[in-house]
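A closer look at the structure
Take a look at the letters that make up each chain.
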Amino acid sequence: MQRRVHELRDCGREREPQDPHHQRHARAEVPWLGCEHCLPQRLQRRDRSRLRQGLRLRHPLQDQRAAEVPQADVDHLQREPVRHHQDGLHRDRSADPVIPFLLLAVVLTAVLGLAVGSFTNVVVYRVPAGLSVVHPRSACPRCSTPIAARDNVPVLSWLLLRAKCRTCALPISARYPLVELAVGVFWVAVTTWMVMAQPPLAEPGPAAAFMLQLTALLYVATISIALALIDIDTKTLPDRIVWPSYAVVGVLLAAAGVLNGDLEAVARAAAGAGILVGAYFILLMVSGGMGLGDVKLAGVLGLVLGWFGWQQLIVGAGAAFLLGGVFSIVLIALGRVKRKQGIPFGPWMIAGAWIGIFAGVPIADTYLSLVGLR
Ligand SMILES: [Zn+2]
């Protein structure tokens, strides 16, 4: 009987009945679970796989098997993943590999995001004016002194220069560091969300697919800020940004879908782009409140929303009209704009899309349960 127990629950050690390890099994409080050597390891293995399933549960791309893990169980495991090892003998310090990875990713994306934010400023000012974004180097608009590298460090230089040109003391708008900061914060938010929703696995295929999706999302985050500012400034959404975005986002997501073996998501992305372009084109024809730029941008946003899921697509598109509509009504009521004047709709499309990406699934679930469909 003793021997049978040990064979059932052995932990890869000696199996001789006289072995001290075997005797510990017999003395253990719950012999059929194992001794203090093998029990913590098994619990940890189970916890890790359950934690992974729990995280997958939140991601729309993952399979439905994860739904078998009760949510309360998942919450408990996420809060206290190593609680079982109170004896301290077998505490595994690398119990949760997601956290160190996340810290590294956040620091890296914050630095890169600030640098890209600096370039976003250049794009926002030069692209609507039809100028090159790489040549000439940035210079002070009054004294034409080229901006030195030490005065071009995101946010920090603006603070150290006290918002003035080093040569002629021309005030520098706070908009520059704010845009840099906004892109940096957006990048960190997107990376954190991606790591939490879809932790990169150790296998090369899923890890590469994760990186491709993350790159696509960071690209969309950057053009989101650039296009929103340009639309507010000039009421245009330049083709020079929108057209290449179809290629960038399309290729990255298609490659991620192939690596993940998730061709359904690729097809959904294409359908999402088609549906949103169609819907916005009909609105343009019927109401005239839209611009052709909005129709073109709708396709890019449709690609991303469709990739993540139908719920994200519907919530993302709906939120744009809700936000834009409420904002217009407020402005008209305050007498700030005339009814026919129109507001740039691009920023609302973009804000709506990000609500769809981040919160499309919980919003759709809440709505469906409110109307009694779930
Ligand atoms: Zn100057």
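Residues numbered from 1 in each chain as written. Predicted model: local features only at pLDDT ≥ 70, side-chain atom pairs only at ≥ 80, totals over all residues.

The protein chain goes by Prepilin leader peptidase/N-methyltransferase in an unreviewed UniProt entry, where it is assigned to Schumannella soli. What UniProt records for the protein chain under Function (unreviewed entry) is the sentence "Plays an essential role in type IV pili and type II pseudopili formation by proteolytically removing the leader sequence from substrate proteins and subsequently monomethylating the alpha-amino group of the newly exposed N-terminal phenylalanine." The record in UniProt for the protein chain states the following under Catalytic activity (unreviewed entry): "Typically cleaves a -Gly-|-Phe- bond to release an N-terminal, basic peptide of 5-8 residues from type IV prepilin, and then N-methylates the new N-terminal amino group, the methyl donor being S-adenosyl-L-methionine." (UniProt positions renumbered as here; feature names shortened; annotations may be inferred.)

1. As for the overall build of the protein chain
The number of helices and strands found in the protein chain is 13 helices and zero strands. Written out in order from the N terminus, the α and β elements of the protein chain read α-α-α-α-α-α-α-α-α-α-α-α-α. For the protein chain, the residues scored as buried account for 31% of the 374 residues in total. Contacts in the protein chain between residues far apart in sequence, at least 24 positions, make up 66% of those at least 6 positions apart. (Helix = DSSP H or I, 4+ residues; strand = E, 2+ residues; numbered from the N terminus. Buried ≥ 20, exposed ≤ 12 C-beta atoms within 10 Å, placed from the backbone. Contact = placed C-beta atoms within 7 Å.)

2. A short note on the confidence of the model for the protein chain
On average, residues of the protein chain carry a pLDDT of 80, and 72% of them reach 70 or more. With pLDDT under 50 throughout, residues 53–67 is counted as low confidence; its partners more than four residues away or in other chains account for 22 contacts. (pLDDT = per-residue confidence, 0-100.)

3. Thoughts on the packing of helix α12 (residues 310–334) against helix α13 (residues 346–370)
For the pair α12 and α13, the least separation of the axes is 6 Å and the interaxial angle reads 130°. With respect to their mutual orientation, α12 and α13 come out oblique. Our pair here, α12 against α13, has a crossing hand that is right-handed. Contacts between α12 and α13 pair Gln311, Gln312, Leu313, Ile314, Val315, Gly316, Ala317, Ala319, Ala320, Leu323, Gly324 and Phe327 from the former with Trp348, Met349, Ala351, Gly352, Ala353, Ile355, Gly356, Ile357, Gly360, Val361, Ile363 and Ala364 from the latter. (Axes fitted to C-alpha atoms, helices over the stretch in contact; angles between N-to-C directions. Parallel < 35°, antiparallel > 145°, perpendicular 65-115°, else oblique. Left-handed = near helix turned anticlockwise from the far one by under 90°.)

4. Concerning α12
Between its first and last C-alpha atoms α12 spans 36 Å; for 25 residues at 1.5 Å apiece the expected length is 36 Å, and the two agree. Next to the buried residues of α12 lie α10 (263–286), α11 (292–308) and α13. Just downstream of α12 lies Gly335, where phi reads positive at about 75°. (Expected span 1.5 Å × (residues − 1).)

5. Digging into the nonpolar core
Membership of the largest hydrophobic core comes to 64 residues, with the highest contact counts inside it found for Ala226, Leu227, Leu253, Leu301, Val304, Met349 and Ala353. For this core, the elements supplying multiple residues, two or more each, are α5 (98–126), α7 (175–197), α8 (204–234), α9 (239–260), α10, α11, α12 and α13. In terms of residue count, α8 provides more of this core than any other element does, 14 residues in total. The contacts of Leu301, once residues within four sequence positions are left out, are Leu276, Gly316, Met349 and Ala353. (Core = buried A, V, L, I, M, F, W, Y, C linked by C-beta atoms within 7 Å.)

6. Points about the packing of α11 against α12
Interaxial distance between α11 and α12 falls to 5 Å at its minimum, and their mutual angle equals 140°. When the axes of α11 and α12 are compared, the pair comes out oblique. The element α11 and its partner α12 pack so that their crossing is right-handed. Here Leu301, Gly302, Leu305, Gly306 and Phe308 of α11 come into contact with α12, specifically with Gln312, Leu313 and Gly316. Classifying every residue of the contact of α11 with α12 gives four nonpolar, four polar and no charged. (Nonpolar A, V, L, I, M, F, W, Y, C, P; charged D, E, K, R; others polar.)

7. Some words on unusual backbone geometry
Cis geometry is found at the peptide bond from His135 to Pro136, where omega equals -5°. Along the chain, Pro136 falls in the loop between α5 and α6 (156–160). Phi is positive for Val155, which is not a glycine, with a value near 60°. Looking at the element boundaries, Val155 is found in the loop between α5 and α6.

8. Overview of the environment of Phe327
With respect to the helices and strands, Phe327 occurs in helix α12. A residue is classified by how many C-beta atoms lie within 10 Å of it, and Phe327, with 15 of them, is partly exposed. Taking C-alpha positions, Phe327 is 9.2 Å from Trp348, a pair spaced 21 residues apart along the chain. The contact partners of Phe327, leaving out residues within four places of it in the chain, are Ile343 and Trp348.

9. Brief notes about the environment of Asn121
Along the chain, Asn121 falls in helix α5. Asn121 gets classed as buried once you count the C-beta atoms within 10 Å, which come to 22. Taking the C-alpha atoms as reference points, Asn121 and Leu229, 108 residues apart in sequence, are found 9.6 Å from one another. Dropping the residues within four chain positions of it, Asn121 is found in contact with Tyr176, Val179 and Glu180.

10. Concerning the environment of Gly184
Relative to the helices and strands, Gly184 resides in helix α7. Since 22 C-beta atoms lie within 10 Å of it, Gly184 is described here as buried. With 71 residues separating them in the primary sequence, Gly184 and Gly113 have C-alpha atoms 4.1 Å apart. Those residues in contact with Gly184 that lie beyond four places of it in its chain are Ala110, Gly113, Leu114 and Gly117.

11. Points about α10
Across its 24 residues, α10 extends 35 Å between first and last C-alpha, which sits within 8% of the 34 Å expected from 1.5 Å per residue. Turning to α10, its buried residues are Ala265, Val266, Arg268, Ala269, Gly272, Ala273, Leu276 and Tyr280. At its buried positions, α10 is contacted by α9, α11 and α12.

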